[in-house]
Amino acid sequence: MTRKDHWEQVYSTRLAEKLGWYKPRLETSMSWIAELGLDKGARIIDVGCGASTLVDDLVDAGFESIAVLDISDSALAISKKRLGLQADMVMWLSGDVTSTTLPPDYFELWHDRAALHFLTEPEQQAQYRDSLLKSLRPGGHAIVGAFSSEAPPKCSGLPVRRYEPDQLAELLGSDFEPVRHHKELHVTPGGVEQMYVYCQFRRKND
Ligand SMILES: C[S@@+](CC[C@H](N)C(=O)[O-])C[C@H]1O[C@@H](n2cnc3c(N)ncnc32)[C@H](O)[C@@H]1O
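Residues numbered from 1 in each chain as written. Predicted model: local features only at pLDDT ≥ 70, side-chain atom pairs only at ≥ 80, totals over all residues.

A. Geometry of the overall build of the protein chain. Scanning the protein chain for helices and strands turns up six helices and nine strands. The C-alpha atoms of the protein chain give a radius of gyration of 16 Å, which matches the 17 Å a tight globule of 206 residues would have. Out of the 206 residues belonging to the protein chain, those deemed buried represent 36%. Of the contacts formed within the protein chain by residues at least 6 apart in sequence, a portion of 71% connects residues at least 24 apart. (Helix = DSSP H or I, 4+ residues; strand = E, 2+ residues; numbered from the N terminus. Rg over C-alpha atoms; globule rule 2.2 N^0.38 Å. Buried ≥ 20, exposed ≤ 12 C-beta atoms within 10 Å, placed from the backbone. Contact = placed C-beta atoms within 7 Å.)

Dropping the structure here:
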């Protein structure tokens with residue numbers, strides 16, 4: 001089964017609200033985004049958006065240039081349906097973050113909760129980092145959430161790489177300045193505890 005097959009099956013056979021990573025609202029992400037004080041026209045991308053409600057909250061906050069990317073068309077379809085007419089205000093990108101070509105120096109903010117950690121091979125991680133570096137404009141921001149070292153070794157039945165903030169900083173490299181990090185306990189709808197780490201970075205100016 002390919003990665004895409006896995007994710008299509010997840011989102012086409014299970015209710016989004018029952019998935020292990022489900023949170024009604026991504027509060028930490030939204031509060032960090034609010035604190036950035038971005039213009040409403042700032043270009044934002046949510047990578048591995050799944051069926052999360054971050055896109056709804058960004059639209060409600062008045063952001064006008066939101067893109068979401070996911071490997072699963074079924075996940076995108078769930079969010080599109082939920083958003084109704086507001087879906088037209090969002091750019092929907094279907095693809096694998098390691099191989100999708102994104103516009104260069106384009107985004108002001110890259111957000112990812114729980115997508116990077118599925119990239120367990122150094123080559124995939126380097127591709128992710130390259131995509132982030134190329135598409136984020138200098139001075140732009142990245143908020144990345146992943147399983148931390150205390151979390152289980154698998155998510156959605158797939159092996160994950162777990163991160164401490166310094167390991168994430170090392171992966172992104174010297175083009176990125178760490179700004180802050182925060183650990184947060186997530187309890188799945190089934191009652192399993194998973195510790196996440198959220199890290200914020202700023203792409204240095206060239
Ligand atoms: C654990 S879910 C998190 C979803 C969402 N960010 C949230 O917080 O609810 C991981 C998401 O990443 C997507 N994904 C996994 N690997 C991906 C890849 N290589 N490229 C793009 N999306 C990917 C999956 O389809 C899934 O929607």
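There is more to say, and it comes next.
B. Representation of the site of the ligand within the structure. Contacts to the ligand come from 21 residues, most closely from W7, G48, G50, S52 and R113. Secondary-structure elements contributing two or more residues to the shell around the ligand are helix 1 (3–13) and strand 2 (65–70). When its residues are assigned to classes, the shell around the ligand shows eleven nonpolar, six polar and four charged. (Near = placed C-beta within 6 Å. Nonpolar A, V, L, I, M, F, W, Y, C, P; charged D, E, K, R; others polar.)

C. Region of the structure containing the pairing of strand 1 (residues 43–47). Summarising burial for strand 1: five of the five residues are buried, a large majority. Burial of strand 1 is two-sided: the residues R43, I45 and V47 facing one way and the residues I44 and D46 facing the other way are all buried. Pairing geometry for strand 1 and strand 2, over five bridges, is parallel. From the neighbouring strand, D46 faces strand 2, where its bridge partner is V68. Bridge count for strand 1 against strand 4 (residues 107–113) is four bridges, and the pairing is parallel. Across the sheet, the residue bridging to V47 is D112, located in strand 4. (Pairing = 2+ DSSP bridges.)

D. Highlighting the nonpolar core. Ranked by size, the top nonpolar core spans 45 residues in total, and within it I66, W110, A142 and A146 carry the most contacts. With six residues, the single largest contributor to this core is strand 5 (residues 136–147). A142 has contacts with W110, L132, L136, F176 and F201, leaving out every residue within four places of it along the chain. W7, V10, A51 and L76 belong to the second-largest nonpolar core, a separate cluster that totals seven residues. (Core = buried A, V, L, I, M, F, W, Y, C linked by C-beta atoms within 7 Å.)

E. Looking closely at the sheet that holds strand 3 (residues 90–94). Spatial ordering of the open sheet is given by 3-2-1-4-5-9-8, a layout of seven strands whose pairing is mixed. In the strand order of this sheet, the two ends are held by strand 3 and strand 8 (176–187), each with one partner. On average, each strand axis in the sheet is tilted by 15° relative to the strand beside it, whichever way the strands run. Direction of pairing for strand 8 relative to strand 9 (residues 193–203): antiparallel, over a ladder of eleven bridges. From the neighbouring strand, H181 faces strand 9, where its bridge partner is C199. This element, helix 4 (residues 73–83), spans strand 2 and strand 3 of the sheet and lies at about 165° to strand 3. (Axes fitted to C-alpha atoms, helices over the stretch in contact; angles between N-to-C directions.)

F. Expanded view of the packing of helix 1 against helix 4. Contact geometry for helix 1 and helix 4: axes closest at 7 Å, N-to-C directions at 35°. Of helix 4, the residues touching helix 1 (which contributes W7, E8, Y11 and S12) are D73, S74, A75 and I78. Residues of the contact of helix 1 with helix 4, tallied by class, amount to four nonpolar, two polar and two charged.

G. Structural detail: the pairing of strand 5. Judged by how many residues are buried, strand 5 sits mostly within the fold: nine of twelve residues are covered. Note: strand 4 against strand 5, six bridges, orientation parallel. For L109, the partnering residue across the bridge sits in strand 5 and is H141. Following the chain from strand 4 across helix 5 (residues 122–135) to the adjacent parallel strand 5, one finds a crossover that is right-handed. Relative to strand 9, strand 5 is paired through seven bridges, and the arrangement is antiparallel. The residue bridging G145 from the neighbouring strand is Y198, located in strand 9. (Right-handed = clockwise from strand over helix to strand, strands pointing away.)

H. Fine view of unusual backbone geometry. For D105, which is not a glycine, the phi torsion comes out positive at approximately 45°. Along the chain, the position of D105 falls in the loop between strand 3 and strand 4. Of the residues examined, D105 has 13 C-beta atoms within 10 Å and is grouped as partly exposed. Even without glycine at this site, S156 takes up a positive phi of about 55°. Tracing the backbone shows S156 in the loop between strand 6 (154–155) and strand 7 (158–159). Under the C-beta neighbour-count criterion, S156 is labelled partly exposed, with 14 such atoms within 10 Å.

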